[in-house]
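Geometric and topological summary
Residues per chain, in single letters:
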Amino acid sequence: MRKEEVQGLLDRGALVVDVRPKDKRMTPLPFPSVWLPVEAIQKGSYDLPKDRPILLVCEKGLISQVAGLYLESDGYPEVYSLEGGLRALTEG
């Protein structure tokens, strides 16, 4: 998902999930989010709603793509990864 599409997804009630490892969370996300590191997703240690879109965000967009594959394989119908990650949002 491109950064230009984020607001539309937020307007639809998306849950934003920060999947960055703890040591990479120096820069906060510019919108409300929950923190669930990708390691927890890989282990199945999460309880996210399946009835709303989920937007995954990391630093560059790669970790969120991996996390998205895990959630999709677990039956989450609407999972998005922010293309370019937090850098895409903060660099213009």
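Residues numbered from 1 in each chain as written. Predicted model: local features only at pLDDT ≥ 70, side-chain atom pairs only at ≥ 80, totals over all residues. Heavy atoms only, no water.

Okay, the sheet that holds strand β3 (residues 54-57) next. With parallel pairing, the four strands of this open sheet are ordered in space as β2-β1-β3-β4. Of all the strands in the sheet, just β2 (34-35) and β4 (79-81) have a single pairing partner and so form its edges. With three bridges joining them, β3 and β4 adopt parallel strand pairing. By the bridge assignment for β4, Leu-55 is matched with Tyr-80. Contacting β3 and β4, helix α3 (residues 62-73) crosses the sheet at an angle of about 145° to β3. (Pairing = 2+ DSSP bridges. Helix = DSSP H or I, 4+ residues; strand = E, 2+ residues; numbered from the N terminus. Contact = heavy atoms within 4.5 Å. Axes fitted to C-alpha atoms, helices over the stretch in contact; angles between N-to-C directions.)

Applying the stated criterion across every chain yields a total of one aromatic pair. Geometry around Tyr-76 places Lys-50 over its ring, the cationic atom sitting 5.0 Å from the centre. (Phe/Tyr/Trp six-rings, centres within 6.5 Å; stacked < 30°, edge-to-face > 60°. Lys NZ or Arg CZ within 6 Å of the ring centre and 35° of its normal.)

Right, let's talk about the nonpolar core for a bit. Counting residues in each nonpolar core, the largest one holds 16 residues, and the members touching the most others are Val-17, Val-19, Leu-48, Leu-56 and Leu-71. Of all the elements in the fold, those that place two or more residues in this core are β1 (15-18), α2 (38-43), β3 and α3. In terms of residue count, α2 provides more of this core than any other element does, three residues in total. Those residues within four positions of Leu-71 in sequence are excluded, and the remaining contacts are Ile-41, Tyr-46, Leu-48, Ile-54, Leu-56, Tyr-76 and Val-79. If you look at the next biggest cluster of nonpolar residues, it comprises 10 residues, including Leu-9, Ala-14, Leu-55 and Leu-86. (Core = buried A, V, L, I, M, F, W, Y, C linked by side-chain atoms within 4.5 Å. Buried < 20%, exposed > 50% of the residue type's maximum accessible area, 1.4 Å probe, protein only.)

A few words now on the side chain of Ser-81. The topology assignment puts Ser-81 in strand β4. Every residue in contact with Ser-81, bar those within four places of it in the chain, is listed here: Met-1, Leu-55, Leu-56, Gly-61, Ser-64 and Gln-65.

This brings us to the pairing of β1. The side chains of a regular strand alternate between the sheet's two faces. Burial along β1 is two-sided: Leu-15 and Val-17 and Val-16 and Asp-18, pointing in opposite directions, are all buried. Relative to β3, β1 runs parallel, the two sharing four bridges. Note on β3: the bridge partner recorded for Asp-18 is Val-57. Judged from the two bridges that link them, β1 and β2 form a sheet pairing that is parallel. Following the sheet pairing, Val-17 is matched in β2 by Val-34.

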